Amino acid sequence: DTGVSQDPRHKITKRGQNVTFRCDPISEHNRLYWYRQTLGQGPEFLTYFQNEAQLEKSRLLSDRFSAERPKGSFSTLEIQRTEQGDSAMYLCASSFYSGLPLYNYGYTFGSGTRLTVV
Amino acid sequence: AQKVTQAQTEISVVEKEDVTLDCVYETRDTTYYLFWYKQPPSGELVFLIRRNSFDEQNEISGRYSWNFQKSTSSFNFTITASQVVDSAVYFCALFSSGSARQLTFGSGTQLTVLP
């Protein structure tokens, strides 16, 4: 297991099309996160899963966005009817959460999927 | 609400110079974690350090050192004897175990080390 994998690395799509990204986390990690990073900014939180349950969604995640983690392993992020404003890097991260309140959270990020909507 | 401010948008130094990247954070929680990540042109976020709010000891790792001061809510990062390979965008991030269960990032500092 070499880390968090994201596919594809790059995606160019026409406005109005649907796109789907995949993230494969580190196998023993139970939490999976999606972030979005626009040019010149830091990553912004979109949503996260603990196992297969989606526990939190950001206000950034509009109705056109949906994320799943059906078996608690890989996750997909789908954007429907893409808009030019969706152009960004989509980063996935995973971590292991033990349930202890003072657990020292460590995230591992993937290399991201760069989406360009034309 | 949580916030991380990296006031330096871009820094350029000549190789072998020391450089300090500033980070100021805001949180109402007493338990939190601070991180620094490096993002080279390839795009992957590379973890550098994690510090919890109860540990104010400074840390040194090779050419990297971190100065955590709760009194000023700052977590600054110094690279000693910078190298061209240090050129990247550096992000400071905050994780608060109370109000928000996700990382809040600053806007990043683009460091360019010139040969």
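This text goes with the structure placed above it.
In this text, all values refer to a predicted model and were calculated from it rather than measured experimentally.

What counts and how
Residues numbered from 1 in each chain as written. Chains lettered and ligands numbered in written order. Predicted model: local features only at pLDDT ≥ 70, side-chain atom pairs only at ≥ 80, totals over all residues. Heavy atoms only, no water. Helix = DSSP H or I, 4+ residues; strand = E, 2+ residues; numbered from the N terminus. Buried < 20%, exposed > 50% of the residue type's maximum accessible area, 1.4 Å probe, protein only. Contact = heavy atoms within 4.5 Å. Lys, Arg positive; Asp, Glu negative; His and termini not counted. Charge placed at Lys NZ, Arg CZ, Asp CG, Glu CD. Pairing = 2+ DSSP bridges. Disulfide = S-S within 2.5 Å. Buried area = accessible area lost by both parts, 1.4 Å probe. Salt bridge = Lys/Arg side-chain N within 4 Å of Asp/Glu carboxyl O. Polar contact = N/O pair within 3.5 Å; in protein donor to acceptor, adjacent residues only side chain to side chain. Phe/Tyr/Trp six-rings, centres within 6.5 Å; stacked < 30°, edge-to-face > 60°.

Draft legend 1. Looking closely at the overall build of chain A. Counting its secondary structure elements, chain A contains zero helices and 11 strands. Reading the secondary structure of chain A in the N-to-C direction produces β-β-β-β-β-β-β-β-β-β-β. Along the three orthogonal principal directions, the C-alpha set of chain A runs to about 45 × 30 × 30 Å. By the burial criterion, 47% of the 118 residues in chain A qualify as buried. Contacts in chain A between residues far apart in sequence, at least 24 positions, make up 55% of those at least 6 positions apart. For chain A, the separation between the mean place of its 14 positive charges and that of its 12 negative charges on side chains is 6 Å.

Draft legend 2. Main features of the pairing of strand 5 (residues 32-39) of chain B. All names here are of chain B. Counting buried residues along strand 5, eight of its eight residues qualify, which places the element largely inside the surrounding structure. Every second residue of strand 5 is oriented toward a common face, with Tyr-32, Leu-34, Trp-36 and Lys-38 on one face and Tyr-33, Phe-35, Tyr-37 and Gln-39 on the other, all of them buried. Across eight bridges, the pairing between strand 5 and strand 10 (residues 88-96) is antiparallel. The residue bridging Trp-36 from the neighbouring strand is Cys-92, located in strand 10. Direction of pairing for strand 5 relative to strand 6 (residues 46-52): antiparallel, over a ladder of six bridges. Directly across from Phe-35, in strand 6, lies its bridge partner Arg-50. The hairpin formed by strand 5 and strand 6 contains six residues between the paired strands, and Gly-43 there has a positive phi angle of roughly 100°.

Draft legend 3. The arrangement of the state of the cysteines in detail. Residue and element names in this part refer to chain B. According to the stated counting rule, one finds two disulfides over all chains in the structure shown. Here Cys-23 pairs with Cys-92 through a disulfide, and the sulfurs are 2.0 Å apart. Disulfide Cys-23-Cys-92: the torsion about the S-S bond is -65°, which places it as left-handed. In this pair, Cys-23 is assigned in the loop between strand 3 (19-21) and strand 4 (24-26) and Cys-92 in strand 10, connecting sequence segments 69 residues apart. For the pair Cys-23 and Cys-92, one class covers both residues: buried.

Draft legend 4. Expanded view of the interface of chain B and chain A. Tallying the contact residues gives 20 residues for chain B and 23 residues for chain A. Summed over both partners, the interface of chain B with chain A comes to about 1,800 Å²; 52% of that surface belongs to carbon and sulfur atoms. Put simply, chain B and chain A have zero salt bridges between them. At the boundary of chain B and chain A, one finds four residue pairs in polar contact (both at pLDDT 80 or more). Every element with two or more residues in the side of chain B that touches chain A is listed here: strand 5, strand 10 and strand 11 (100-105) of chain B.

Draft legend 5. A look at the packing of aromatic side chains. Residues and elements named next belong to chain B. Counted by the stated rule, this structure contains 27 aromatic pairs over all chains. Aromatic side chains Tyr-37 and Phe-47 sit 6.0 Å apart centroid to centroid with 70° between the ring planes, which places their arrangement in the edge-to-face category. A residue pair is termed long-range when its members are at least 10 positions apart, and Tyr-37 in strand 5 and Phe-47 in strand 6 qualify at 10 residues.

Draft legend 6. Quick peek at the side chain of His-29 of chain A. Residues and elements named next belong to chain A. Counting through the fold element by element, His-29 comes out in the loop between strand 3 (19-24) and strand 4 (31-37). A relative accessible area of 14% means that His-29 is categorised as buried. A distance of 2.7 Å separates polar atoms of two side chains, one belonging to His-29 and the other to Ser-94. Within polar-contact distance, the side chain of His-29 engages the backbone nitrogen of Ser-95 at 3.2 Å. When sequence neighbours within four positions are dropped, the list of residues in contact with His-29 reads Arg-69, Ser-94, Ser-95, Phe-96 and Thr-108.

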